[in-house]
Amino acid sequence: MLTAESRRRSFPSLERMVYLNTAAEGIPPLEVGAALQEYFRDKQRGMDGREFHFRQWEAARELAAAFFGLTADEVGICSCSSEAYNLAAQALRLRPGDQVVINDLDFPAGVTPWLQQGCPATVRLWQARQGALRVEDLVGLLGPKTRLVTTSLVSFYNGCLLPFRAVLEAVRRHSSALLAVDVTQALGRIPLAVADADLIVSSTHKWILASHGGGLVGVPRQRARDWTVPAGGWFNLEDAFGPGRFERAVSKPGAAGFTVGMPNFPAVYAIRAALAYLSGVGVAAIEAAARPLVQACLEGLRHLPVELLSPPDESELAGILAFRHPKAEEIARHLRSREVHVMHHAGRLRVAWHGYNTPDDVDAFLRALADALTALA
C-alpha cells in the first residue's frame, strides 16, 4: 500500500517500532497533524474562524458518507461511540416487554446502555461459538418483541467479521427490529457494505487514523424518525433560539440529532484529513496489502503454543488476531522490549494489521513472540 518513502514521510514514528495495536489506537499520518495546526490557525480568527470550521465539518461528513454508502445529510458527528449509543438509547424510548439483542464479542459501548438498571427492556445474549457469531443462533433470539439488534461488524475482542448480509436478512425476516452496527474496527481497514443497517456508529481514533473526540453516526434517511434523540442542547434542535424556545424543544430527526452541542472542531479537522488520506490510498488497496499479513501471522500463530481466540476460518477475519496465554503480561513486556507493540488484557493478546504494516513486521512479531515463549517456558 505504501512505498518505503511514503511510509517514512507520513508515519515517521513507525521507523522505530513494530506497531500492532491499531485496534486500540491508530497512528495518524502527519497529514492529520497538519490539519490540527490548520484548526489552530483558523481558531485564531475568532468568530470569523467558524466559516472555516464549518467547511471542515461539511467535508468530513461528505467523506464519512462515502465510506458508509450514505449521503452527507445522513451522517452526524458526536464525541465518541459511547455517546452515540447512549443517545440512541434515548431515541428508542424502550418500554417494559421490549427486547434488545447483544452479543458476547462486542465492545462495552454498544452493550452497556441496555444493561443499565434504568433500561426497561429485556436483554438477550447472542453467544459466539468457536470464536464466531452464528446466524442460526441469532434467529432463535428474534421475535415480535425484539426492538433492537446491536453488534460490531468486526469484534474488538478477537477480530470476528460479522456476516452482515446474513444477519440483516435474519433480522428483517424474523422480527421488525432495528439493526445497529458499530464499524469502529472496520472503517478504514476493509471496504464497507453496511448502508442497509438502521444505525451505523464508529469511533475515530483507531483504524481511520484520526484523533480522539469524534464519533461518526450514520442514519439512513428512511430511518430518521426512528432515531430522533430527545436530548437537550442546541445544535441538535430544529429552532434553539426561536420565540418558543422556553416552551418546547424539538430535535432534528436522524443523524443531525446526534450532535447536541458545539461540534468538537479539532476532531472534525482530524477526521476530515484522515478520511481524505484513506480515500487517496483506497481502502481496497489497504485490504489487499494487509490481508496477506493477517494470513501469514495466523499461520505463524498456529505453530506456536498459544490458544487462538480468533475464528480459524480466514473468511471470518478482518484485521485483528487474538490469542491467549497464561503469561500474556510477561509476553507483552518482552515484546515491548523489542519495540513490538501489542495489546494485552486478562491473559489475552491482540495484534492488529493495518495498511502501514509490512511483511517485515510479521517476521519481527513472530520471532519476538517465539523468543518470549521460549524464555518463559
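Structure: see above.
Residues numbered from 1 in each chain as written. Predicted model: local features only at pLDDT ≥ 70, side-chain atom pairs only at ≥ 80, totals over all residues. Heavy atoms only, no water.

Asker: Describe in detail the overall build of the chain, supporting the description with residues and values.
Answerer: Looking only at helices and strands, one finds eleven helices and 13 strands in the chain. Its C-alpha radius of gyration of 21 Å places the chain within 12% of the 21 Å reference for a compact globule of 377 residues. The C-alpha extent of the chain, read off along each of the three principal axes, is 70 × 55 × 30 Å. Each of the 377 residues in the chain was classed as buried or not, and the buried ones make up 57%. In the chain, the proportion of contacts linking residues at least 24 apart, taken out of those at least 6 apart, comes to 69%. Side chains of the chain carry 39 positive and 39 negative charges; the gap between the two charge centres is 3 Å. (Helix = DSSP H or I, 4+ residues; strand = E, 2+ residues; numbered from the N terminus. Rg over C-alpha atoms; globule rule 2.2 N^0.38 Å. Buried < 20%, exposed > 50% of the residue type's maximum accessible area, 1.4 Å probe, protein only. Contact = heavy atoms within 4.5 Å. Lys, Arg positive; Asp, Glu negative; His and termini not counted. Charge placed at Lys NZ, Arg CZ, Asp CG, Glu CD.)

Asker: Requested: an account of the pairing of strand β10 (residues 320-324), with residues and values cited.
Answerer: When you tally the buried positions in β10, you get four out of five residues, the bulk of the element. Where strand β9 (residues 307-308) meets β10, two bridges bridge the pair, whose relative direction is antiparallel. When the sheet's bridge partners are listed, Glu307 is paired in β10 with Arg324. (Pairing = 2+ DSSP bridges.)

Asker: Kindly report on the pattern of salt bridges, identifying the contributing residues and their values.
Answerer: One pass over the structure, following the stated rule, counts 25 salt bridges. Measuring nitrogen to oxygen at the nearest pair gives 3.5 Å for the salt bridge that ties Arg45 to Asp42. Overall, Arg45 belongs to the partly exposed group, its relative accessible area being 45%. Arg189 is paired through a salt bridge with Glu287; the nearest N and O atoms lie 2.4 Å apart. Here Glu287 lies in helix α9 (residues 283-302) and Arg189 lies in the loop between β6 (178-182) and β7 (199-203), a separation of 98 residues in the sequence. You can call Arg189 buried: its relative accessible area is 0%. Since its relative accessible area comes to 17%, Glu287 is described here as buried. Each of Arg7, Arg8, Glu15 and Asp361 takes part in a single network of salt bridges with overlapping partners. (Salt bridge = Lys/Arg side-chain N within 4 Å of Asp/Glu carboxyl O.)

Asker: Any details on the packing of aromatic side chains? Residues and values, ideally.
Answerer: Going through the model one piece at a time under the given rule, you end up with eleven aromatic pairs. Ring plane angle 75° and centroid distance 5.4 Å describe the contact between Tyr39 and Tyr269, whose orientation is recorded as edge-to-face. Pair noted here: Tyr39 is in helix α2 (residues 30-43) and Tyr269 is in helix α8 (residues 265-281), with a separation of 230 residues, a long-range link. The same class applies to Tyr39 and to Tyr269, which are both buried. Ring pairs connect the aromatic residues Phe54, Trp57, Trp234, Phe235, Phe241 and Phe265, which therefore count as one cluster. Directly above the aromatic system of Phe235 lies the positively charged group of Lys252, at a separation of 5.4 Å from the ring centroid. (Phe/Tyr/Trp six-rings, centres within 6.5 Å; stacked < 30°, edge-to-face > 60°. Lys NZ or Arg CZ within 6 Å of the ring centre and 35° of its normal.)

Asker: Any details on unusual backbone geometry? Residues and values, ideally.
Answerer: Here the phi dihedral of Gln130 falls at roughly 55°; this positive angle occurs in a residue that is not glycine. As for its position among the elements, Gln130 is in the loop between β4 (122-126) and α6 (135-139).

Asker: Break down the pairing of strand β5 (residues 146-152) for me, with residues and values.
Answerer: Among the seven residues of β5, six are classified as buried, and the element is accordingly described as predominantly covered. Note: strand β3 (residues 99-103) against β5, three bridges, orientation parallel. Directly across from Gln99, in β5, lies its bridge partner Thr146. Looking at chain direction, β5 and β6 are connected through five bridges and run parallel. Bridge pairing in β6 links Ser152 to Asp182. Crossover connection from β5 via helix α7 (residues 164-174) to parallel β6: handedness right-handed. (Right-handed = clockwise from strand over helix to strand, strands pointing away.)

Asker: Pulling in residues and values, what's your account of the nonpolar core?
Answerer: Ranked by size, the top nonpolar core spans 71 residues in total, and within it Phe68, Leu153 and Val183 carry the most contacts. Elements supplying a minimum of two residues to this core: α2, α3 (49-68), β2 (75-78), α6, α7, β6, α8 and α9. At ten residues, the largest contribution of residues to this core is made by α8. Other than its neighbours up to four places away in sequence, Leu153 contacts Cys160, Leu161, Leu162, Phe164, Val181, Asp182, Val183, Ala186, Leu192 and Val194. Counting 29 residues, the second largest nonpolar core, distinct from the first, contains Leu20, Ile331, Leu369 and Leu373. (Core = buried A, V, L, I, M, F, W, Y, C linked by side-chain atoms within 4.5 Å.)

By themselves, these observations are geometric and do not establish any function.
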